[in-house]
Amino acid sequence: MGDSPRLTILVGSLRVGSFNQPAAQVAADHLAGKAVVSWPDLSSVPFFNQDGEALGDPSSVLTMKEAVCASQTVLFFTPEYNSGIPAVTKNAVDWLSRPFGNSCLTDRIVGVAAVGPSSSGA
Ligand SMILES: Cc1cc2nc3c(=O)[nH]c(=O)nc-3n(C[C@H](O)[C@H](O)[C@H](O)COP(=O)(O)O)c2cc1C
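Rules and cut-offs
- Residues numbered from 1 in each chain as written.
- Predicted model: local features only at pLDDT ≥ 70, side-chain atom pairs only at ≥ 80, totals over all residues.
- Helix = DSSP H or I, 4+ residues; strand = E, 2+ residues; numbered from the N terminus.
- Contact = placed C-beta atoms within 7 Å.
- Pairing = 2+ DSSP bridges.
- Axes fitted to C-alpha atoms, helices over the stretch in contact; angles between N-to-C directions.
- Buried ≥ 20, exposed ≤ 12 C-beta atoms within 10 Å, placed from the backbone.
- Arc of directions from axis to C-beta.
- Parallel < 35°, antiparallel > 145°, perpendicular 65-115°, else oblique.
- Near = placed C-beta within 6 Å.
- Nonpolar A, V, L, I, M, F, W, Y, C, P; charged D, E, K, R; others polar.
- Right-handed = clockwise from strand over helix to strand, strands pointing away.

Novice: Even after reading the chapter, I still don't get the environment of asparagine 20, so can you show me in this structure?
Specialist: Of note, asparagine 20 is situated in helix α1 (residues 20-31). In this structure the C-alpha to C-alpha distance between asparagine 20 and alanine 113, which are 93 residues apart in sequence, comes to 8.4 Å. Those residues within four positions of asparagine 20 in sequence are excluded, and the remaining contacts are Val11, Gly12, Ser13, Phe77, Thr78, Pro79 and Val115.

Novice: Quick question: what am I supposed to make of unusual backbone geometry here?
Specialist: Note on backbone geometry: most residues besides glycine have negative phi, and most peptide bonds are trans. Residues arginine 98 and proline 99 are joined by a peptide bond in cis, for which omega reads -5 degrees. On the secondary structure map, proline 99 appears in the loop between α4 (87-96) and β4 (109-114). The phi angle at asparagine 82 is positive, at roughly 50 degrees, despite the residue not being glycine.

Novice: Quick question: what am I supposed to make of the sheet that holds strand β1 (residues 6-11) here?
Specialist: Two strands in a sheet stick together by hydrogen bonds in their backbones, pointing the same way (parallel) or opposite ways (antiparallel). Taken in spatial order, the 4 strands make up an open sheet running β2-β1-β3-β4, and their pairing is parallel. Lying at the two open borders of the sheet, with one neighbouring strand each, are β2 (36-38) and β4. Adjacent strand axes in the sheet meet at a mean angle of 20 degrees, parallel and antiparallel pairs treated alike.

Novice: I'm lost on helix α3 (residues 59-69) in this one. Help?
Specialist: An α-helix turns once per 3.6 residues; consequently, residues spaced three or four apart project the same way. Val61, Met64, Ala67 and Val68 are the residues of α3 that are buried. Seen along its axis, α3 keeps its buried residues to an arc of 130 degrees; they face one direction.

Novice: Is there a simple way to explain the packing of α3 against α4 in this structure?
Specialist: The angle between the axes and the distance between the axes are what describe a pair of packed helices. At their nearest, the axes of α3 and α4 sit 10 Å apart, and the two run at 75 degrees to each other. The angle between the axes of α3 and α4 places the two elements in the roughly perpendicular class. Contacts between α3 and α4 involve Val61, Met64, Lys65 and Val68 from the first element and Ala92, Trp95 and Leu96 from the second.

Novice: Would you mind going over the site of the ligand with me for this structure?
Specialist: Surrounding the ligand, one finds 16 residues, the nearest of these being Ser13, Asn20, Pro79, Gly116 and Gly121. Looking at the shell around the ligand residue by residue, the class counts come to 6 nonpolar, 8 polar and 2 charged.

Novice: Is there a simple way to explain the pairing of β1 in this structure?
Specialist: Side-chain direction in a regular strand flips from residue to residue, so the side chains alternate between the two faces of the sheet. With 5 of 6 residues buried, β1 lies mostly within the body of the structure. Once the chain exits β1 it traverses α1 before rejoining the sheet at β2, and the crossover so formed is right-handed. Bridging between β1 and strand β3 (residues 73-78) involves 5 bridges; their strand directions are parallel. Across the sheet, valine 11 pairs through a bridge with phenylalanine 77, a residue of β3.

Novice: Explanation requested: the environment of valine 11 in the structure shown.
Specialist: Within the secondary structure, valine 11 sits in strand β1. For valine 11, a count of 28 C-beta atoms within 10 Å gives the class buried. Taking the C-alpha atoms as reference points, valine 11 and alanine 114, 103 residues apart in sequence, are found 9.8 Å from one another. When near neighbours in sequence (up to four residues on either side) are disregarded, valine 11 contacts Asn20, Gln21, Ala24, Leu42 and Phe77.

Any functional reading would require information beyond the geometric quantities listed.
Here it is in structure tokens:
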């Protein structure tokens, strides 16, 4: 798997009964043997705070950033909340957008899948 493509999955729902989590699992299962898949735990990523950032990224953020930096592709699986992006997903993007001008998201292929029960939402 040394030359295999690397991909990071980020799931923007922390709910035990989440629909996005199993959808992400289907993608991870499908990619098994074809890519190295990282799936950082977003439940331990704190709210972004520029004061805290100045003290150094927390370990959960470092883990997430290292995964994305090492990946060519990032796949988000996220709910839609109130016609927008839920806090968990946005918080991950905010951390990953840093440092300003040198974000690991730059030049990555990014896919977004939004799973929900509504026929018109997400
Ligand atoms: C606060 C809140 C706001 C929501 N807003 C929307 C919405 O704007 N559009 C939509 O399609 N579903 C909306 N939903 C429903 C979610 O898409 C649904 O609960 C979904 O299953 C959440 O993803 P999960 O199953 O991965 O947790 C909302 C749910 C919550 C809790």
